[in-house]
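Residues per chain, in single letters:
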Amino acid sequence: MTFLAKPFVLLAAVCLLAGFVVVPPALGDDAGAAARERQWPLEVMGVPAAWELSRGEGVTVAVLDTGVDARHPDLAGAVVEGPDLTGAGTTRIGHHGTSMAGLIAGRGHGPGGDLGVVGVAPRATVLSIRVTLETHDPARADPHVARRVRGAVAAGIRWAVDHGADVVSMSLGGADGSYQGNADEAAAVRYALSKGVVLVASAGNDGAGANRPTYPAAYPGVIAVGAVDQRLAPAPFSNRRGYVSVTAPGTGIVSADAHGSYVVGDGTSSAAAFVAGIAALVKARHPGMGVSDVRRAILQGAVWHNTGRRDDAYGHRVANARRALLVAGAPRRAAMVARPRQASVASPSESTGLGPLIWSALLLLVAALVARLALRA
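Residues numbered from 1 in each chain as written. Predicted model: local features only at pLDDT ≥ 70, side-chain atom pairs only at ≥ 80, totals over all residues. Heavy atoms only, no water.

A. Main features of the confidence of the model for the chain. On average, residues of the chain score 83 in pLDDT, and 77% of them reach the 70 mark or higher. Segment residues 1-20 is flagged for pLDDT under 50; beyond a separation of four residues in sequence, or across chains, it makes 76 contacts in the model. For the stretch residues 335-354, pLDDT sits under 50, and the model shows five contacts to residues farther than four places along the chain or on other chains. (pLDDT = per-residue confidence, 0-100. Contact = heavy atoms within 4.5 Å.)

Printed below as a string of structure tokens:
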């Protein structure tokens, strides 16, 4: 089988795939079979075992990205089209967004769904919301579009929350002011969390460079995901920051691409999509679970790396779908606080148990005094 190499660098405003090759759709089911064989992250994250408990049924994951090609055979029936908040029209839509959607909720294709990409939560629904553009989209040169794109992430978060999203996946960040964040996005994040919506974002691909903080990953309450390689070592490009919550595979990741093809690449984008899928599994298994408990399940269910403690490269270890579900289903141990016994002030009679006798003696004494006074009278 021949893989056609093709340069493909997505916009700086999105933490996207670093280097990859594209598998053209002309290869048909051979490409689909190859794609399935290369999905090494699923076993690493305990996903097949997790499917015994949950496959994401009934959960909607909003994918804030460049748009999703719902015609891809691996995404048939999985995608609900949301708004295009960029105002850029239909030019060059859907490469990166399609890749992320496939990792989250791909369903495969062919007999038994055994070909192509299968996502972490293959029965979840993807809500596609276009908030940014591919690198070479000519609409990027339009100043009106550029202004809309700057506010699109905040608007996309709010739109997703108001239209039924349970999880919001944001494999983006890194430019157009996102190294500092902004008040509108921070407010949108708080709004989503207040409504019980889980937010997941890529930690950034600047780890080998300036390692600048990346938003929306750095906002409090967002599950920020870094990348590891096949040895579960931190990927060189993955940001090392205190906001990193957890890590997931992010190198050599095969995923769906627009126009029915496949792509193999590196980036914290893929890692974030995987963790968004795990969040969907947890929410499907425990529909009423709050944001903090979903986050706790993912972090506590992660697998220790070789240092055995949290650090800026790994966050709280490498995400594991099966373990996250087990943590989510375990009974919470409430801390038992011993109540201090209130000291009671007892009379000497109570402390000795002689109360009744003393009272009887007092009554007899009073009676004798009354009788004596009566005789004198």
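B. Up close: the side chain of Asp137. Along the chain, the position of Asp137 falls in the loop between strand E7 (125-130) and helix H5 (143-150). In terms of polar contacts, Asp137 uses its side chain to reach the side chain of Arg130, at 3.3 Å. Within the structure, Asp137 has its side chain in polar contact with the backbone nitrogen of Ala139 (distance 2.9 Å). (Helix = DSSP H or I, 4+ residues; strand = E, 2+ residues; numbered from the N terminus. Polar contact = N/O pair within 3.5 Å; in protein donor to acceptor, adjacent residues only side chain to side chain.)

C. How the structure looks around the environment of Gly94. The topology assignment puts Gly94 in the loop between strand E4 (79-84) and helix H4 (95-105). A residue is classified by how much of its surface remains accessible, and Gly94, at 1% relative accessible area, is buried. For the pair Gly94 and Arg130, spaced 36 residues apart in the sequence, the C-alpha separation amounts to 8.6 Å. Those residues in contact with Gly94 that lie beyond four places of it in its chain are Thr66, Gly67, Val68, Asp69, Glu134 and Ala258. (Buried < 20%, exposed > 50% of the residue type's maximum accessible area, 1.4 Å probe, protein only.)

D. Looking closely at H4. Among the 11 residues that make up H4, 11 are buried, leaving the element largely enclosed by the rest of the structure. Buried within H4 we find His95, His96, Gly97, Thr98, Ser99, Met100, Ala101, Gly102, Leu103, Ile104 and Ala105.

E. A look at the pattern of salt bridges. Here the structure, examined in full by the defined rule, presents eight salt bridges. Between Glu57 and Arg123 there is a salt bridge; the shortest N-O distance is 3.3 Å. In this pair, Glu57 sits in the loop between helix H3 (47-50) and strand E3 (60-65) while Arg123 sits in the loop between strand E6 (115-118) and E7, placing the two residues 66 residues apart along the sequence. Residues Arg212 and Asp206 are paired through a salt bridge, measuring 3.0 Å at the closest nitrogen-oxygen approach. What makes Arg212 partly exposed here is its relative accessible area of 36%. Overall, Asp206 belongs to the buried group, its relative accessible area being 13%. Via salt bridges that share partners, Asp84, Arg130 and Asp137 belong to a single interconnected network. (Salt bridge = Lys/Arg side-chain N within 4 Å of Asp/Glu carboxyl O.)

F. Expanded view of the pairing of E3. Here E3 lies mainly inside the structure; six of its six residues are buried. The side-chain alternation of E3 yields two buried faces, one formed by Thr60, Ala62 and Leu64 and the other by Val61, Val63 and Asp65. Bridge count for E3 against E7 is six bridges, and the pairing is parallel. Of the residues in E7, the one forming a bridge with Val63 is Ser128. Direction of pairing for E3 relative to strand E8 (residues 167-170): parallel, over a ladder of three bridges. Looking at the pairing, Val61 lines up with Val167 of E8. (Pairing = 2+ DSSP bridges.)

G. Local environment of helix H10 (residues 321-329). All of the buried residues along H10 are Ala321, Ala324, Leu325, Val327 and Ala328. Along the long axis of H10, the arc covered by the buried residues comes to 160°, so they all point the same way. Two to three positions downstream of the cap, the backbone nitrogen of Arg322 sits 3.3 Å from a side-chain oxygen, assigning the N-cap of H10 to Asn320. (Arc of directions from axis to C-beta.)

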